[in-house]
Amino acid sequence: MKTKIVLLATLLTTLGINAQKKWTLKECVDYALKNNITIKQNKLNVDQAKLDVKIAEGNFLPDLNASSSGTFNSGLSPDGTGVLQNTQNFSSNFQFASQGLIFNGFKNINNKEQSLLQVKGSEFDLAVIENDVSLNVVNTYLNVLFAKENLSVAQTQSEISKKQIERAKAQFEAGAIPKGDLLNVESTAANDIQNVIIQENTLNIALLRLSQLLQISNENFDVAVIDVNSPSAVLLYDNAKQVYDKALTNRPEISKAKLDVKNAEIGVELAKGDYLPTLSYSLGLSSSYFHRFTNILQANDFFFSQIQDRIQYSVGLSLNIPIFNRFQTKNRVAKSRINKKAFELALENQKLELEQTIEQAFLDAKAAAKTFEAAQISLAAQKEAFKNAQTSYEYGSMTQFDFDQVRNRLVNSQGAMIRAKYDYIFKTKVLKFYFGESIID
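Residue numbering note: each chain is counted from 1, following its sequence as written. Given that this is a predicted model, residues contribute local features only at a pLDDT of at least 70 and side-chain atom pairs are listed and counted only at 80 or more, while totals for whole chains, interfaces and linings are drawn from all residues. Note that water and hydrogens are dropped before the side-chain values are worked out from all heavy atoms of the structure.

## Considering the overall build of the protein
Right, on to step 1. Here a strand is any run of E in DSSP of at least two residues, a helix any run of H or I of at least four, and the numbering for each starts at the N terminus. Within the protein, the secondary structure is distributed over 10 helices and four strands.
Right, on to step 2. Expected size for 441 residues packed as a compact globule is a radius of gyration near 22 Å; at 41 Å, the protein overshoots this value by more than 25%.
Right, on to step 3. Working definition: with a 1.4 Å probe on protein chains only, accessible area under 20% of the residue-type maximum means buried, over 50% means exposed, and in between means partly exposed. The burial tally for the protein puts 34% of its 441 residues in the buried class.
Right, on to step 4. The long-range share in the protein, meaning contacts at least 24 apart out of those at least 6 apart in sequence, stands at 81%.
Right, on to step 5. Split by element, the accessible area of the protein, about 27100 Å² in all, is 56% carbon and sulfur.
Right, on to step 6. Positive charges are assigned to Lys and Arg, negative charges to Asp and Glu, while His and the chain termini are left out of the count. Charge positions are represented by NZ for Lys, CZ for Arg, CG for Asp and CD for Glu. One finds the centroid of the 48 positive side-chain charges in the protein at a distance of 2 Å from the centroid of its 46 negative side-chain charges. Our radius of gyration is a C-alpha quantity, and the globule rule it is checked against amounts to 2.2 Å times the number of residues to the power 0.38. Any two residues whose heavy atoms approach within 4.5 Å at even a single point are treated as in contact. Computed by Shrake-Rupley with a 1.4 Å probe, the accessible areas treat only the displayed protein chains as cover when residues are assessed.

Right, here's the structure in full:
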């Protein structure tokens, strides 16, 4: 029975290992967008901005307040005939009051408009953060794939070295090669094993950085390999201006800068509103109750009867016309216009930075495409050279030293090819990022 339990536990463990989740690029990006703390904080900013809209809308409505007071007096006070008597009195007042604005220089309208723009601005800020996080995840994910390919190349070279040791031992025992050649082969194999360890560590670090970026545990964390074996060396776009023109229509940074200018324009109108008069109204409903503590029941002494008889209504209008306020309004208007100009310059600067960034990204992608194409040609030549060197080495017409030189050139070419490929892939994705296309396919 114990044996069966042990076998079952072993089977379940094996299945668990085999079923280890491998994260796809889309899963990584989606998870980061959902769980990143900075993104969550910016979503709260959007929620707060939406509440500011409701607050601004509330300014169009009148308020309504109820108040009540009660007073007890004891001492000399005149009675109904005017004679002073020592009495105890209680009085109370009740009031409902409402106030509202009829006109205040369009301030309520402009405040609401600014609040609506703030919501859109917060959403654009959120989009900027989401774009940055997505691009960072894609870059880190590609670094993992880059490390995986480097490890695969190192493992392949290590296997070749192991086979060469077996062949060199057989040749040494047969007296075909000196011991120095065998030691050179063993030294090369040891270096290849060391390189495998280095590449394994590099991969582990890349996986750790990706898991930390996703804010999840790196234990048993791994990613799925995506097909990036043969990216086209042809650039997706003809020139940087094509990307820039499209970016002007879809980049949230530009949209946010335009909103800031619009917001500043409304700020000017808000400041100018202080030149205009303010008209407000008030409504009131009040009543009171009075009672003298005596042995004689006074007429109309009942609470509800007094309240009903003493009801008073009030309606009021208030007009405030600004005449002179120490040039405060004039200076605030001037300051708001300067603020608008500052945001207009910020928009132009944002466009300039975007244009320069895209131009640099386009040149980087163009150079990466040429490097990738050259690396392909070089790798093909090195593979053919290595194939010929293997044949020569097996027939004894090439020394171990010369063979190692050819193999080292192949390894270097493979490494250069991997670097060029992933560099080109990422820089192509950067261009797609600015063009507004998906970067997770």
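Moving on from the model shown.
## Brief notes about the sheet that holds strand 4 (residues 312–320)
Right, on to step 1. Here the rule is simple: two strands pair whenever DSSP picks up at least two bridges between them. Within the open sheet, the four strands sit side by side as 1-2-3-4. Their pairing is antiparallel. Since the sheet does not close on itself, it has two edges, and those belong to strand 1 (63–78) and strand 4, each with one partner. The mean inter-strand angle of the sheet, taken between neighbouring strand axes irrespective of direction, is 20 degrees.
Right, on to step 2. Judged from the nine bridges that link them, strand 3 (residues 278–292) and strand 4 form a sheet pairing that is antiparallel. The residue of strand 4 that forms the bridge with glycine 284 is serine 314. In this description, a line fitted to the C-alpha atoms serves as the axis of each element, helices being fitted only across the stretch in contact, and the angle between N-to-C directions of two axes falls anywhere from 0 to 180 degrees.

## Some remarks on the nonpolar core
Right, on to step 1. The biggest cluster of nonpolar side chains holds 54 residues, and the ones touching the most others in it are Val137, Tyr141, Leu210, Leu214, Phe221, Val223 and Ile358.
Right, on to step 2. Taken together, the elements giving at least two residues each to this core come down to helix 2 (25–35), helix 3 (37–58), helix 4 (107–173), helix 5 (179–214), helix 6 (240–250), helix 7 (252–272), helix 9 (328–394) and helix 10 (400–435).
Right, on to step 3. Broken down by element, this core gets its largest block of residues, 13 residues, from helix 4.
Right, on to step 4. Non-local contacts of valine 137, meaning those with residues more than four positions away in its chain, are made with Cys28, Val29, Ala32, Leu210, Leu213 and Leu214.
Right, on to step 5. In this structure, Val185, Phe372, Val406 and Met417 belong to the second largest nonpolar core, which totals 21 residues. Nonpolar cores were defined as sets of buried Ala, Val, Leu, Ile, Met, Phe, Trp, Tyr and Cys residues, with membership established by side-chain atoms within 4.5 Å.

## Observations concerning the packing of aromatic side chains
Right, on to step 1. Any Phe, Tyr or Trp ring, taking Trp's six-membered ring, that has another such ring centre within 6.5 Å forms a pair; planes under 30 degrees apart are called stacked, those over 60 apart edge-to-face, and the others tilted. Enumeration according to the criterion identifies 13 aromatic pairs in this entry.
Right, on to step 2. Ring plane angle 90 degrees and centroid distance 5.0 Å describe the contact between phenylalanine 103 and phenylalanine 106, whose orientation is recorded as edge-to-face.
Right, on to step 3. Measuring from centroid to centroid gives 4.6 Å for tyrosine 393 and phenylalanine 403, while their planes differ by 20 degrees, and the two rings are stacked. Here phenylalanine 403 lies in helix 10 and tyrosine 393 lies in helix 9, a separation of 10 residues in the sequence.
Right, on to step 4. What makes tyrosine 393 buried here is its relative accessible area of 8%.
Right, on to step 5. Residue classification places phenylalanine 403 among the buried positions, given a relative accessible area of 2%.
Right, on to step 6. Taken together, the aromatic side chains of Phe94, Tyr289, Phe303 and Phe304 make up a single cluster linked through ring pairs.
Right, on to step 7. Positioned above the aromatic ring of tryptophan 23 is the side chain of lysine 21, whose terminal nitrogen or guanidinium carbon lies 5.1 Å from the ring centre.
Right, on to step 8. A ring is scored as having a charge over it whenever the NZ atom of a lysine or the CZ atom of an arginine sits within 6 Å of its centre and within 35 degrees of its normal. Sitting above the plane of the phenylalanine 435 ring, lysine 246 keeps its charged end 4.4 Å from the centroid.

## Quick look at the pairing of strand 3
Right, on to step 1. Sheet analysis places strand 2 (residues 84–103) next to strand 3, joined by 14 bridges and oriented antiparallel. Of the residues in strand 3, the one forming a bridge with alanine 97 is glycine 284.

## Digging into the pattern of salt bridges
Right, on to step 1. Salt bridges are counted wherever a side-chain nitrogen of Lys or Arg sits within 4 Å of a carboxyl oxygen of Asp or Glu. A complete count under the given rule lists 15 salt bridges for this structure.
Right, on to step 2. Across the pair aspartate 30 and lysine 26 runs a salt bridge whose closest N-O atoms are separated by 2.7 Å. Placement of the pair is aspartate 30 and lysine 26 together in helix 2, with a separation of four residues, close to one helical turn.
Right, on to step 3. Overall, the relative accessible area of 34% leaves aspartate 30 in the partly exposed class.
Right, on to step 4. Across the salt bridge formed by glutamate 269 and lysine 272, the nearest N and O atoms sit 3.7 Å from each other. Within this pair, glutamate 269 and its partner lysine 272 are both found in helix 7, separated by three residues, close to a single helical turn.
Right, on to step 5. A single salt-bridge network, built from bridges that share partners, covers Lys22, Lys148 and Asp222.

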